[in-house]
Structures are given as structure tokens and as C-alpha cells.
Amino acid sequence: MAQKPPKKQPLVYQTEQGTLAYTPDSLGNRIPDFSYCGYQAGETAIPDVAIQVLVKSQKGDATHRIQSAIDYVSTLPLDANGFRGTVLLGKGVFEVSGQLLLHNSGVVLRGSGTNETIIVGMGTSRAHLVRISGKNASTSKTKIRITTPYIPVNAQTFKVESTAQLKVGGAVQIHRPSTKEWIQRLGTDHFGGGVTALGWKPNQRDIFWDRTIVSISGNEITIDAPLTTALDTAFGGGSVIPIIEKSNITQVGVENLSLVSTFDKTNPKDEDHRWVGISFENVQDTWARRIVFKHFAGSAVSVLATARRITVEDCQALTPVSEIGGERRYTFFTQGQQCLFQRLYAENGYHDFAVGYCAAGPNAFVQCEAHLPHSFSGTIDSWASGVLFDIVNIDGHALRFSNLGQDGQGAGWTAANSVFWQCTAAKVECYSPPTAQNWALGTWAQFAGDGHWAMSNEHIKPRSLYYAQLKDRLGETITSRTILMPTPTEASSSPKVEVASTLTQSAQTPALSLSEFIHKAPERQALTLESNAKTIEEIGLKPAIASPLSSVLQLKNGRLTRNKALLTGKKHEVPWWNGSARPYGLTNAKPHITRFVPRMTGNGLTDDLEEVSNWMKINNILTLDHNYGLWYDRRRDDHERIRRMDGEVWAPFYELPFARSGHETAWDGLSKYDLTKYNKWYWSRLKEFATLADQKNLVLLHQHYFQHNIIEAGAHYADFPWRPANNLNHTGFPEPVPYAGDKRIFMAEQFYDVSHPVRKKLHRAYIRQCLDNFAFQSGVIHAISAEFTGPLAFVQFWLDVIKEWEQEKKKNVLIALSTTKDVQDAILSDASRAAVVDVIDIRYWHYQANGSIYAPIGGQNLAPRQHARLTPPKRSSFEQVYRAVNEYRQKYPQKAVIYSADSFDALGWAVFMSGGSLASIPMINDAHFAKDVALMTPFTSQSPQWTLGNPDIGYVVYCEEADEIQIDLRTTKNSFLVYFINPKTGQATPQEQRIRGGEMVKIQTTSTTPLVVWLKKTNP
């Protein structure tokens, strides 16, 4: 008799011995082992760390007291387990206006209970309330090629071409490139429409696993956790990169308290408050547990890509306050690897349980519930691999592993080698990308997708894949840590009478909720809350750091100075927009001060203003020229004018001056603006930078407006706050918008029309806001607008409002007249309004090299580049830049003249020699130079030699090319040292020559390139 064929095994099954077995595919790929997720890779329980200091609740700001306690414990020695100790917060409310930073290994911040210790993030800051952050690891430039032709999913052992630079216990990165061939195989190089801007490009979706080598045998190495995407030589294979310095911090935790953000209760979608409760960056083996989060706009917990082996457990995120849209309410978010999120509850979120861009994995969400979210949970950006959703319930929305196509800024395929296990949702989408697989096992939902489905609408065993895998790897020792909410075991459709009677009685009371189960965590494991530790006051508060002394930006004799020194240096103009906050979009990113990327700090993201100001100092950048962004939402980079169907906005966000109202819906899908209220984060960032500018001798050139929105491409106007469709203020512009040729916009004349009563009132209030914001900072120069070619009448109105404000406040601010030449001259000939002007900015006109003038007329409803297309300008020259600046210096000697027009950066010495301010020249390596030249004035000069001088101070001569320099010293008897200055580097080199005044002096040079000669006064 013929034998029956063997029964095909399921993908995951239990053997008779109770262990797990897997069915791999023909290449050896299998469901990953997720048990490596969490603190210490799941191998040990989170400990109860000894208390070292107590902080009691007091009225007032507790930031300094709590941070002093954290910093104190950070100085203690590490014990054998890698801990320094716990900071215990007593019962009560702790108001925190700043940020709490845990930056050293071995420190724990513990409260006295989620209902007993409440940290309240005060104010309108968007700073993370608690930040756990180390430093970036340093990697070798060496890449060691992996020689195994194909490494399947879940592998930990493979061969490399050499192990000479590797060692057991050494930290490495495993790098999988994203090649053209792989991208084409996925079909993500193009998402339709004939437009490839959002398609994946080679090297943009590389994966980097952080691993440790556990053994080396010949050229074969074994790493400490499995890989989650196959390495295939057909798609570029992979390589091993040694980590030189592993500087991330470890053994840090936050636990047993509540974190709450204040917010504006009059605005149901307020965003001028805390966005993130706890963030993890450059950390390993850390945790957050038993925390209740309330009112955060962005994330309760944010784990960034540089974090590994994190556990977040027994937490609840309640009543978030924000707009409903992209980058908001990503409640429990990870972009890291080996992260375990378990027993979590969230309500009214967006992506409540979310895995981000190219998260290397594995990452696991175990027994989590989202109640009435506004969007799906799952993988939300490109190619997160090795993700487990295990007993996860999304109440009222979807769980999703899918191809998002161009959505999510070209996210494309979001999940690879990922598992839904025993999950419920309104809908479960499980699609499998080419070269990888996704699985949905034991799911209850509506279903969609071509992934591997098994046992849908059935309860499967083991109940939890994560805990089964953990037990399989570590044995029975983990039983006490297998914590799952109990569920009824009787599911029979034909129970016995006595069973039916028992079940009928139990049905009288509601079932245990996950929220209640989480709340009972202290009953399952107690934490030490009593100690004889000293209070932080008994130990001693850390001395407060005094702010550096500020210097005042002053206008003296028509020159802009600080500490009597003339200000010179380069200028940085902030970008108007930037396409991506992903790593590949940051390579050439330029600093900004009002760009915002939730959860992420750094250049191209939310810039650290201390770092920006330091970067300016290091690079001799004196002036930051700031204007608000072209548009808020990166979706508008496509230059479409269409209304968006939702608020799924894309970062980075270039914040705008006005506040969202929380009501109705603007063209971008978020709420409409209220032009009578202002974006507090935007203005606080500008003020913070202006304060740093005063401390570091920098300048903020603040452009009140940005004309680009109202002229040229219609897309610039589509999301503009002043457009009636985007605000509550009835600004009176035509709607529907009269796009010219259904493409261009010509709204300048109406925008600048201050006879309209609503717009006039809004303009006046906004201009005053620009002045109010910097009432106590000196280093701000105010200009009317970036790209301004508007009419004289609006400039007059602008200056009249400023004059009114100055008289009312009894303050003088620095005002730059930055307009077309005809408007500039008209204002300067008006004595009353000219008196308001402190700085003349030559920006929208210039003398051309042939001596003719390029000077478009203001108020013609054309942008600068539109004028330039009609009459293409010719380049200027050293002599003509000197001429332009010097003419205004001679005519208006008490006003500073700056030059921002053609070749301003290349011809900075022409500006300098003509008596201009903020000239783009290199820093001179002699502290006396800047103070001396502040007292010098231009002499009669002509090519090839120009001279600045003061007989009582010294002289500076710029010579383009000559063997000999002549200086008239007949009016002085002083003696001078001679310095040659390299005009490109600023290096001042003293010469042996000493010169005495009283005659015409000739100085011989051997330079064949431009040279600067400085005669520095000295004692006879």
C-alpha cells in the first residue's frame, strides 16, 4: 500500500520536546529570532538599582535640582554590574522648564509611583523632557568584505576576507548596501507619473547592524544577534566595519513616574509644548518602564537609529495634543535595533507602534494596544527589517506591512522579514517585497496582501512568539519574566452546563483591560522607594552655569562694531527648503535656526543653536541671513498647487511665523493659521540665536517677510499662511486663486496694499512682533524682506510702524534699508523716514564692471530673477563695488553700508576698503586690526591701490598688482610697523621694515597677486 506523503510542517511549530522549530525556505531564510530584543538582549531582568540621592518636591522650577542629582550620581564609581545608582524623586509635582539629560552610564531616574511623582514639562519649549544620550561611535574607514555568497535571514555566522582587524568582543557594523540592481528588483526606482524624484537611489537605503563578535574561527566570524535581511552578492553582498570607539552609554533607566506636558487649553491642536517624553540616542542596554505619558505632541518614547537593546515596558500614553498628521503622535517609535516594547497602551495616537527608516532590527512589540488611533501602526518608512508585532491590538485602525509607494516621501517597501503574530486590528495588511518575506500568523481582522498567511481568525500556540523564542534560547530561567495578561481558556462552542454557568457569572463584570494590567505592574515586581540617601540639598546643588557676557552691536561713525572692533566675516543664508531628513539628505545640509524635525537634532534636522553659532565662529561666518521658509510641508516640493487630502506632512518642517489655530483645515491638511497669533517655537528659536549672537559677536540679519511666496510659481502661494484658504482672518485675497496660466502667481500688489483694513492691521501687528521679539538683543539687524522688489508705499508703511514702535518703547533697533535703488533713494531723501534707517543694504542693484548700472524698478510685481531674465545683469568688479559702497558712505556718513549684491562674497575687500560694514573678508590674525580699522576712513583711491587710514591709528592698503606701494604719511609724525596680509587667508606677517611718518612712503613688494599692507602704529 502506498505511503501517505509526510504532512507539511508549518513555518513555526513546537517539537515534542517543547522547543520551537522553523521551516526555512530553499535559501535558508526563516522567521528571525526576536528573543535578542530588549535590555541585555533579553538575557537578564531589569534590576532594582540602589538609591544614591533623593530629590524632594518643591514649588518652582525643579530642572536644576533634578539635573544636579543626575550629575552627582554620574560622578560616582561604577559597581560590578555597571551601575552608579538611582536618583529617587519624592512624591509630588516637579515643574521642569528645561530638559533632563542622562549622559553617563549607570544612572537611573526613578519616581515614587506613576500617581505619586509627576514631572511636568512647563512652558512652550519643544525640547525633549528626558533625553538619554551618549556620543556617536567612531567607525573605521576599513570595510572588510564578506565572502559568503549568500547569508540568509537569521544567520549569525559567515566568512570574511580577513579577520586581521577583528577580535572577539569587538564591536562592528555589518553593512548591507542598497544597489541599483536591488532597487530595480524591488520596483522602487519609480513610483509612477513619469517622475523619479521620490524613487529610491543607490546607497540611500543601506542597512547597518551594530553587532559584537562572539567567536572567530579562521575567516569565519559569529556575531551576537541575527541578521534580519539576507546578504546576497547579486545585490552587493556586505561588509564588516570595525568600530574604533564605542562611546555610547549603557545601563541607564527612567522608571515609575508620570511625564506630563503643559499645553494651551484654548487650542485643541496646540503644538507649542513638549513633543517627546523620553528619547534614546547613542545608548545600549537602557530602559523606560512604568511611566504614564500625557499630552505629548510627537512621541511618548523615541528610539533613534543609534540606540540598541532598549526595553520599554508597562507604559501608557494618554491624551496627546497636536495636529493630526505626519510626524505627530508617533507614540512608541523606534528606528533602532534589538528594541523590545511590551505591555504598552496608547490612545488617540497616529502611528502608535511604529518602526522607522531602515531600522536594522530585530525589533519587537509584545502585548500592546492602541485605542482609536488616527492612522495605522506598523512599519512607516523604508525597509525596516525583522519586526515582530506579537499580541498587538489596534482598536479602530490597521496594522500594516506594505509598499507605501511615493507616500511617506517615497517610503516604498516598508517591511522585510517581519511577523504579525496573534494580532487584531480593523485591518491587517501583509505584503511581501521581492527578495524578502513577511508573515501574518493567527491574525484577526480584515485582510489584505500577498504575504504568507496562516491560521487567520484562529488562536495559535505558542501564545507569544517572542516569549517562546526567549524560552527556547535561554530555557526555563525566563519563566518568571514571561508576563502576559491572562485570558480565558474556555473557547468551546458547546461547553458543559456547569462551565456555561461559570462563564455567565464572569460575564457580569468587564474583562480585564491591558491598561489595568499595566497599572498593576508594581504588584508583579516592587521597586525600592525607601532609602537613607541624602537629599540633593544635603549633598550640594551643582553651581549654575553663568551665561557668557554679551557685547553690544553698535553703529559708530557709520560702522558696525562690537567692543569697538569692526565686524567682518562671511554671510550664511539659510536654505528655503530641503528635501529629506533621512541620512542621505543630510550630507550637504546647511544650518538653519527655524527648521524643525521632530525627535531629531543635528545639522539638516532641528539644529542645535549652540553648535550652529560655534560653526559660524570656526568658519569666520559673521552674519546669519534669516527668512522664513518657502513652505512648511516637503510634499510641496513637487510644486503642485493641489489641496492635500490629509495632513500626512513630510519633514523637515521649515516653520512659519504664525500659529496654527487648531480649527478648520488648511490646504496642507493641518489646521488653519491664525495670523493674529504667533508660532512661539519659531520666535523663541530666533531669540535664542540672537542671544548667542550677542555672546559670540555674531549678527542676525532678520528678514521680516519673504517675497517668494507671492510672486513666481503658484505652488509658493498654495500653502502660504496669508492665503484665505489657509487662515481664519479673512485677508481678502481672491479665492479660488487666479493662477496665471494655471501655474504662476502675481499677488504682490495686493499683498503690499496697506489700504485694505484687515491686511493693514495684520501687517502692523506682525512688524511689531518682529521688533518685540528682539527687544533685549542688540545683534539683530531688521530688513523688510528676502527678495524684496516691492513698492515705495509699503516700505514707507514699514518704516512708519518701526518709528512708532521705537518712540513707544523708547528703544532704538538697527534697521536696514534693503530695497531696489529707486525706493532706497526715495526713502533716503525723506528726512523723517531716513532717520529710522541705520544700515543701507545694497542688494537688489549694482554697478556693472563696465560702469553702467543694473537697477530694476520697485513695485513692478516682478521677482529679482524675473527682472534678471528681462535685462540680464553683467558682473560687477572690485572697482565698481568700491564705488557703490563709497558713494553711500560719503553721502550718508552716519549710516552703515553693507553690500549683498553681485559678487559680495568674492569682493569683500572692495566693501572693506570703501568703508563698508560686514565685509566678507577673512579673519585677520591680530586682535588690534579690527579695532584699528574701525577708526579709519577711505582715502582718495583708484585702481590698482585703495587706502584706508587714520594718521593717529594706522593705514591699510589693498593693492591688486604692483611692485611698489605708495602711502602719503606727510600728515603724521607717528611710527608704524609694516605687516603684509594675505587677502585670502587673513594671515598677517610682520616685516622687518619700520616706517616713520612725515613723507611719501614707498613699500616694495614681491607679490604678483593682490596684497594687503597694514601699517600698525607703534612707539617711536
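Residues numbered from 1 in each chain as written. Predicted model: local features only at pLDDT ≥ 70, side-chain atom pairs only at ≥ 80, totals over all residues. Heavy atoms only, no water.

**Student:** What exactly am I supposed to notice about the side chain of Ser258 here?
**Tutor:** Mapped onto the elements, Ser258 comes out in strand E19 (residues 249–261). Judged by relative accessible area, which is 6%, Ser258 ranks as buried. (Helix = DSSP H or I, 4+ residues; strand = E, 2+ residues; numbered from the N terminus. Buried < 20%, exposed > 50% of the residue type's maximum accessible area, 1.4 Å probe, protein only.)

**Student:** Help me understand the packing of aromatic side chains, please; the structure alone is not making it clear to me.
**Tutor:** A ring pair, where both rings are aromatic, is described by two values, the distance of the centres and the angle of the planes. A full pass over the atoms with the stated rule returns 53 aromatic pairs. Where Tyr632 meets Phe653, the ring centres are 4.5 Å apart and the plane angle is 5 degrees; that geometry is what we call stacked. Of this pair, Tyr632 sits in the loop between strand E42 (621–626) and strand E43 (653–654) while Phe653 sits in strand E43; the two residues are 21 residues apart in sequence, bridging distant segments of the chain. Accessibility classification places Tyr632 together with Phe653 in one group, the buried group. On the basis of an interplanar angle of 75 degrees and a centroid distance of 5.0 Å, the ring pair of Trp722 and Phe751 is categorised as edge-to-face. Of the two residues, Trp722 sits in the loop between helix H11 (715–718) and strand E48 (744–746) while Phe751 sits in helix H12 (residues 748–751), which places them 29 residues apart along the sequence. For the pair Trp722 and Phe751, one class covers both residues: buried. Residue placement shows Arg599 over the ring face of Phe333; its charged tip is 4.2 Å from the ring centre. Of note, Arg641 hangs over the ring of Tyr739, and the distance from its end group to the ring centre comes to 5.8 Å. (Phe/Tyr/Trp six-rings, centres within 6.5 Å; stacked < 30°, edge-to-face > 60°. Lys NZ or Arg CZ within 6 Å of the ring centre and 35° of its normal.)

**Student:** When you look at the packing of helix H13 (residues 757–772) against helix H14 (residues 792–809) in this model, what are you seeing that I'm missing?
**Tutor:** Relative orientation and spacing of two packed helices are given, respectively, by the angle between their axes and the distance between those axes. Where H13 meets H14, the axes come as close as 10 Å, and the angle between the chain directions of the two elements is 50 degrees. Relative to H14, the element H13 is oriented oblique. Seen along the crossing, H13 lies across H14 with a hand that is right-handed. Residues Lys760, His763, Arg764, Ile767, Arg768, Leu771 and Asp772 of H13 form the contact with H14, whose own contacting residues are Phe794, Phe797, Trp798, Val801, Ile802, Glu804, Trp805, Glu808 and Lys809. In terms of residue class, the contact of H13 with H14 is made up of 8 nonpolar, 1 polar and 7 charged. (Axes fitted to C-alpha atoms, helices over the stretch in contact; angles between N-to-C directions. Parallel < 35°, antiparallel > 145°, perpendicular 65-115°, else oblique. Left-handed = near helix turned anticlockwise from the far one by under 90°. Contact = heavy atoms within 4.5 Å. Nonpolar A, V, L, I, M, F, W, Y, C, P; charged D, E, K, R; others polar.)

**Student:** It is not clear to me how the confidence of the model for the protein should be interpreted in this structure. Could you clarify?
**Tutor:** In low-pLDDT regions, the fine details of the predicted coordinates are not to be read closely. Residue-level pLDDT values for the protein average 95, and 98% of them are 70 or greater. Predicted confidence is poor over residues 1–7, with pLDDT under 50, and the contacts of this stretch with residues over four places away or in other chains come to 0 contacts. (pLDDT = per-residue confidence, 0-100.)

**Student:** Sorry if this is basic, but what is going on with the pattern of salt bridges here?
**Tutor:** Between side chains of opposite charge, a pair can form as their charged atoms come close. All told, the structure shown has 48 salt bridges when counted by the stated rule. A salt bridge links Arg126 to Asp272, with the shortest nitrogen-to-oxygen separation between them at 3.8 Å. With a gap of 146 residues between them, Arg126 in the loop between strand E8 (117–121) and strand E9 (130–133) and Asp272 in the loop between E19 and strand E20 (276–281) connect regions that are remote in the sequence. Assessed through its relative accessible area of 12%, Asp272 is described here as buried. (Salt bridge = Lys/Arg side-chain N within 4 Å of Asp/Glu carboxyl O.)

**Student:** What is the right way to read the state of the cysteines from this model?
**Tutor:** By the definition in use, this model includes 0 disulfides. With no disulfide partner, Cys368 has as its closest neighbouring cysteine sulfur the one in Cys423, 9.3 Å distant. Not part of a disulfide, Cys430 finds its nearest cysteine sulfur in Cys423, a span of 10 Å. (Disulfide = S-S within 2.5 Å.)

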